[in-house]
Amino acid sequence: MFRPLVFAITALSVFSSHSLAADKVAIVFDGSGSMWGQIEGRTKIEIARDAMTNVLGTLPADLELGLFAYGHREKGNCADIELIVPPATGTGAAIKAATDRITPKGKTPLSASVRQAAETMRFTEDKATVVLVTDGIETCNADPCALGNELARLGVNFTAHVIGFGLSEEEGRQVACLAENTGGLYIQAGSTAELSDALTATVETVPVEEAAAEPAQLPEALLEAPDEAEIGSRIDVAWQGPGGRYDQIELHDPMARGGEGKRLRSKAIVNGDFDNNQVTMTVVTDPGTYELRYWDGTGRQILATRAIDVIPAEVALFAPDETAMARPVTVEWIGPGGRYDAVQLYDVSARGGEGKVLHNKRLRNDDFDNNKVTLPTPAKPGAYQLRYYAGEDKTVLATRSLDIIEAPVTLETEEAAEAGKPIVVDWVGPGARYDSVRLVDPANGKKLHEKRLRNDDFDNQRVTLPGPVKAGPYELHYYNGDNKAVLATVPVEVTAAVVALEAPDEIGQGRHVTVVWTGPGARYDSVQFFDPRARAGDGRVVHQKRLRNDDFDNSKVTLPSAAKPGDYELRYYNGDNKTVMLTRPIAVVPLEIAIEGPESVETGTKFSVSWKGPGARYDSVQIWDPKARGGKGRAVFERRVWSGDIDAQTVNLNAPKEAGDYELRYFNGDNKAVLVTRPLSVQ
């Protein structure tokens, strides 16, 4: 997105030149790794630097301008946020030099960056504006919408403008609310036409000072909306007016700040239903008389207002008075049902009485049609609180008590288990969605295996876990995933396993070997044929056979040997723990391998050849064209040896229809190896 990025920086000049003189402004600059993306053969970071250079030279001298950047120093670090140039007058050259040095690397902590910029400019004491330039959405587990509400509520006169480029409609909604909730602009651009419109609007906008000297007749505008709305509800506002790209519908509190007024919400008309001249907004949760205003972004003036009364509404929560610890609780709710509204489970006694939200479920993320949410409860008994939380205004509209009571949590299993064998555990407990049984090494606290209750025999409250291969004392834990808490433990002693492999000391190359095994016989256990010399001594599994995929009842497996003679190993491999429990040597010895047949045949005729070799199930005799596929060769005919006379060791072949020089090849299918070749002339 080259065009949107240039527009984003150009839009900054609109804000600064015509409305922000003598104010403090901070640019939050995207230094995340995606800025290395190329547009028309140039990286976005190069384009951004050029655009900043163009804009910085046009700013008013008395503008206090600063620069923040994020994601420019470390990969994967959500704390990589830096104040590079503190807000001050005359910082253009320093900002240009700083942006020239930015090297994109990391993530997109845009919410934390905007918060840090606001706090640096003392937004709770002075008027402050942040311009966020981003080509991506939040990637650091923060909520830009909630941040916008918080900054608007705490700020003296705080505004965040968000410039999104190349974002989808859904991505745009995720960042637009940061601007709208602070009364700022969200500007999206992604085409040549939009860039042209933005540049035209920038060049032709008349500064406020000139407009004041020569007043002009204001454009006509009109707003239609309900006369009243319940707290936290969403309303549709129809508008008539210029329809400019920067025009907004605002919700304004005329009595705030001692009668100076304060913009509480804003919605750019281009981000609403522009074709039908309508936007949808959420009203505040504090009853009172407010104003809807049509704001002309080009002339930076109010063209129309209308009053709206925000009235109280019924808000209530319905749930049991008590529930067992760590079990989910279903809550029915009555309330505004706003986009960011949630039901919270709150610990009123946490943090020395300050309280703490333990669990939070957005209404829209559950059974919204039936006004129900289900959320986890704490693992600790006590008195708690359910709260209806209006997300856009960060306001609690209703509460009710919920007592969490003690409930039995137990684990039962055999006192001892053989190493590598599965451990069967019967459980009693909450059975919540993310609950599990874990096998833990108490010596270091390390979790070795885990099985979610819902992923096993949930109806009979039983799980089966892999056992460790090392003998010793272990622990089983009942783990409550919602609260990340261990609710019960039980010890289990793992005893040494008897493991053995019986097989011949040697086997012919490419032939199958039958191995009698003794061992845990776990679900993913296997016998492997291993080449210890492969990969420069690191070794390689040549073949393996899962015990459950062969003669399990008689503890036997049959698997191919290697095609190349040499010293190898048979290994008993425990799949659950990815551990070799036993090895024994086995030698692969050479066999007599040959193909006997005519030296030449006529095209299209049938002929017979005899063979000597492993005679394995997937072995075959091939007619090979070495000139095919540009010299890579190709089998033009193939006959499996088991499809011929296996006792007489003969197969019948069909000669190619095209004359030429070919090869007869003995092909070992298990190892995909050619063991012998001889020439064949087709005439």
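Residues numbered from 1 in each chain as written. Predicted model: local features only at pLDDT ≥ 70, side-chain atom pairs only at ≥ 80, totals over all residues. Heavy atoms only, no water.

Right, let's get into the sheet that holds strand β27 (residues 423-428). Remark on secondary structure: sheet strands pair via backbone hydrogen bonds, oriented parallel or antiparallel. As summarised here, the arrangement of the 3 strands in space is β25-β27-β30, forming an open sheet in which the pairing is antiparallel. Every interior strand has two partners, whereas the edge strands, β25 (410-412) and β30 (462-465), have only one. Ignoring strand direction, the axes of neighbouring strands in this sheet form an average angle of 30°. (Pairing = 2+ DSSP bridges. Helix = DSSP H or I, 4+ residues; strand = E, 2+ residues; numbered from the N terminus. Axes fitted to C-alpha atoms, helices over the stretch in contact; angles between N-to-C directions.)

Judged by how many residues are buried, strand β39 (residues 566-574) sits mostly within the fold: 7 of 9 residues are covered. As judged from the 5 bridges shared by strand β36 (residues 526-531) and β39, these two strands associate in the antiparallel manner. Considered in β39, the bridge of Phe-529 is made with Leu-570. The pairing of β39 with strand β40 (residues 579-589) spans 9 bridges and is antiparallel. In the strand pairing of β40, Tyr-573 is matched with Val-580. (Buried < 20%, exposed > 50% of the residue type's maximum accessible area, 1.4 Å probe, protein only.)

Take the sheet that holds β40 next. The 5 strands are arranged β34-β40-β39-β36-β37 in an open sheet whose pairing can be described as mixed. Taken across any chain shown, the strands that pair with only one partner, and hence form the sheet edges, are β34 (506-508) and β37 (540-546). Averaged over neighbouring strand pairs, the angle between their axes works out to 30° when direction is ignored. When β36 meets β37, the two strands line up antiparallel, connected through 6 bridges.

A few words now on the pattern of salt bridges. For the structure shown, the criterion picks out 21 salt bridges. For Glu-82, the salt bridge identified is with Arg-73, shortest N-O distance 3.7 Å. Close ionic contact of Asp-456 with Lys-451 constitutes a salt bridge, the shortest N to O distance being 3.0 Å. Residue classification places Asp-456 among the partly exposed residues on the basis of a relative accessible area of 29%. Accessibility expressed as a relative area gives 22% for Lys-451, which makes it partly exposed. Through salt bridges with shared partners, one network takes in Arg-73, Asp-80 and Glu-82. (Salt bridge = Lys/Arg side-chain N within 4 Å of Asp/Glu carboxyl O.)

What follows deals with helix α5 (residues 144-154). The buried fraction of α5 is high, at 8 of 11 residues. Within α5, the full set of buried residues consists of Pro-144, Cys-145, Leu-147, Gly-148, Asn-149, Glu-150, Leu-151 and Ala-152. At the N-terminal end of α5, a side-chain oxygen is found 3.0 Å from the backbone nitrogen of Cys-145, two or three residues along, and the residue is Asp-143. (Polar contact = N/O pair within 3.5 Å; in protein donor to acceptor, adjacent residues only side chain to side chain.)

Time to look at the state of the cysteines. Counted under the stated rule, the structure contains 2 disulfides. One disulfide bridge connects Cys-78 with Cys-140, the sulfur atoms lying 2.1 Å from each other. A torsion of -90° about the S-S bond marks the disulfide between Cys-78 and Cys-140 as left-handed. Here Cys-140 lies in the loop between β6 (127-134) and α5 and Cys-78 lies in the loop between β4 (64-70) and β5 (81-88), a separation of 62 residues in the sequence. Note on Cys-140: relative accessible area 14%, which makes it buried. Shown here is the disulfide that connects Cys-145 with Cys-177, its sulfur atoms set 1.8 Å apart. Across the disulfide from Cys-145 to Cys-177, rotation about the S-S bond amounts to roughly -70°, and the bridge is consequently left-handed. Of this pair, Cys-145 sits in helix α5 while Cys-177 sits in helix α6 (residues 169-180), placing them 32 residues apart in sequence. For the pair Cys-145 and Cys-177, one class covers both residues: buried. Look at the protein and number its bonded cysteines as they come in the sequence; the links are 1-2, 3-4. (Disulfide = S-S within 2.5 Å.)

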